[in-house]
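The chain contents come next:
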Amino acid sequence: YPPSQSQAVLQSCAPEQYSYKQSIINLFKNVPFVLLLISYGILTGSFYSLSTLLNQMITFHYQGEEVNAGRIGLTLVIAGMVGSIICGVWLDYTKTYKQTTLIVYILSFVGMLVFTFTLDLGNLTIVFVTAGVLGFFMTGYLPLGFEFAVEITYPESEGTSSGLLNASAQVSTRLPSPIG
């Protein structure tokens with residue numbers, strides 16, 4: 001049996017009828033998907049950039065705390081794993097893709113603001129807590145984005161929509177920063 005409805009639709013049509021190029025064109029004509037593509041790219045790209053620069057940010061504000069910088073990174077990852085699981089279970093239970101995505105996106109933004117403004121308070125415990133909250137929501141958003149994309153792009157292949165979401169996150173990490 002096919003793993004999903006979109007794969008079942010693809011298997012029911014002749015291979016020469018499916019066009020990867022046409023699938024991408026159809027996805028870019030889908031306004032809700034384009035909005036998701038942009039928001040997913042911004043949030044995920046921000047998370048990737050934060051993860052990359054975490055050691056530099058921590059050691060800038062807390063000299064000699066390289067070990068704790070790694071532990072804060074671990075906190076981000078573990079909280080994110082928990083967030084991903086909880087968000088996935090929540091989506092399976094409620095099927096409220098748009099509302100859940102919006103709530104998690106807003107909470108990720110709030111978490112980023114709190115993390116940013118508490119980073120230089122001189123208290124590593126606060127940084128650990130805010131990093132945990134940030135990781136919970138930002139990493140929790142990753143499977144949400146994929147699931148929501150599949151929902152709003154059916155019957156297009158989920159592989160195509162997921163690939164475009166990943167590409168948008170990579171492009172977002174390479175955009176020039178307005179800060180410097």
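Residues numbered from 1 in each chain as written. Predicted model: local features only at pLDDT ≥ 70, side-chain atom pairs only at ≥ 80, totals over all residues. Heavy atoms only, no water.

J.: Can you walk me through the overall build of the chain in this structure?
T.: When its secondary structure is counted, the chain shows seven helices and zero strands. Along the chain, helices (α) and strands (β) appear in the sequence α-α-α-α-α-α-α when read from the amino end. Each of the 180 residues in the chain was classed as buried or not, and the buried ones make up 37%. Contacts in the chain between residues far apart in sequence, at least 24 positions, make up 77% of those at least 6 positions apart. Of the roughly 10500 Å² that the chain leaves accessible, carbon and sulfur atoms contribute 68%. (Helix = DSSP H or I, 4+ residues; strand = E, 2+ residues; numbered from the N terminus. Buried < 20%, exposed > 50% of the residue type's maximum accessible area, 1.4 Å probe, protein only. Contact = heavy atoms within 4.5 Å. Areas by Shrake-Rupley, 256 points an atom, 1.4 Å probe, with all protein chains shown as cover.)

J.: Explain the packing of helix H3 (residues 31-61) against helix H4 (residues 66-94) here, please?
T.: How two helices sit against one another is set out by the angle between their axes and by the gap between those axes. The contact between H3 and H4 brings their axes to 8 Å, and the two run at 155 degrees. By the angle between their axes, H3 is roughly antiparallel relative to H4. Here H3 and H4 pass one another in a crossing that is right-handed. Here H3 contributes Phe47, Leu50, Leu54, Asn55, Ile58 and Thr59 to the contact with H4, which in turn contributes Glu66, Ala69, Ile72, Gly73 and Leu76. Looking at the contact of H3 with H4 residue by residue, the classes come out as seven nonpolar, three polar and one charged. (Axes fitted to C-alpha atoms, helices over the stretch in contact; angles between N-to-C directions. Parallel < 35°, antiparallel > 145°, perpendicular 65-115°, else oblique. Left-handed = near helix turned anticlockwise from the far one by under 90°. Nonpolar A, V, L, I, M, F, W, Y, C, P; charged D, E, K, R; others polar.)

J.: Even after reading the chapter, I still don't get the confidence of the model for the chain, so can you show me in this structure?
T.: Where the model shows low pLDDT, its predicted coordinates should not be examined in detail. Of all residues in the chain, 87% attain a pLDDT of 70 or more, and the chain-wide mean is 84. Confidence scores differ between elements of the chain, with helix H1 (residues 5-12) showing the lowest mean pLDDT of 61 and H4 the highest of 92. (pLDDT = per-residue confidence, 0-100.)

J.: Is there a simple way to think about the packing of aromatic side chains in this case?
T.: The relation between two aromatic rings is expressed through the spacing of the ring centres and the mutual angle of the planes. All told, the structure shown has four aromatic pairs when counted by the stated rule. Here the aromatic cluster, defined as three or more aromatic residues joined through ring pairs, consists of Tyr40, Tyr105, Tyr141 and Phe146. (Phe/Tyr/Trp six-rings, centres within 6.5 Å; stacked < 30°, edge-to-face > 60°.)

J.: Looking at this structure, I do not really get the UniProt feature "transmembrane region" (unreviewed entry) in the chain. What am I missing?
T.: Under the feature "transmembrane region" (unreviewed entry), the UniProt entry names residues 31-50, 70-90, 102-119 and 125-144. Summarising residues 31-50: 100% helix, 0% strand, and an end-to-end C-alpha distance of 28 Å. Each end of residues 102-119 is marked by a C-alpha atom, and these two atoms are 26 Å apart; helix forms 94% of the span and strand 0%. (UniProt positions renumbered as here; feature names shortened; annotations may be inferred.)

J.: Is there a simple way to explain the nonpolar core in this structure?
T.: A general tendency of soluble globular proteins is for nonpolar side chains to be buried together. With 34 residues, the main nonpolar core has Ile58, Phe115 and Val127 as its most contacted residues. If one sorts the elements of this core by residue count, helix H6 (residues 124-153) sits on top with 11 residues. Residues in contact with Phe115, not counting those within four places in the same chain, are Leu50, Leu54, Met57, Val127, Thr130, Ala131 and Leu134. (Core = buried A, V, L, I, M, F, W, Y, C linked by side-chain atoms within 4.5 Å.)

J.: Just to check I follow, could you spell out unusual backbone geometry for this structure?
T.: One can expect most non-glycine residues to show negative phi and most peptide bonds to be in trans. Positive phi, close to 60 degrees, is recorded for Lys95, a residue that is not glycine. With respect to the secondary-structure elements, Lys95 resides in the loop between H4 and helix H5 (97-118).

J.: When you look at the side chain of Thr101 in this model, what are you seeing that I'm missing?
T.: Inspection of the secondary structure assignment puts Thr101 in helix H5. Since its relative accessible area comes to 7%, Thr101 is described here as buried. Only 2.7 Å separates the side chain of Thr101 from the backbone oxygen of Tyr97, close enough to count as a polar contact. (Polar contact = N/O pair within 3.5 Å; in protein donor to acceptor, adjacent residues only side chain to side chain.)

J.: Before we go on, may I ask you to explain a nonpolar patch on the surface in this structure?
T.: A cluster of nonpolar side chains, Leu102, Ile106, Phe109, Val110, Leu113, Val114 and Phe117, forms an exposed patch at the surface whose accessible area comes to about 680 Å². Tracing the chain through its elements places Leu102 in helix H5. For Leu102, a relative accessible area of 53% translates into the label exposed. (Patch = residues over 30% accessible without salt bridge, like charges linked within 9 Å, V, L, I, M, F, W, Y side chains within 5 Å. Salt bridge = Lys/Arg side-chain N within 4 Å of Asp/Glu carboxyl O.)

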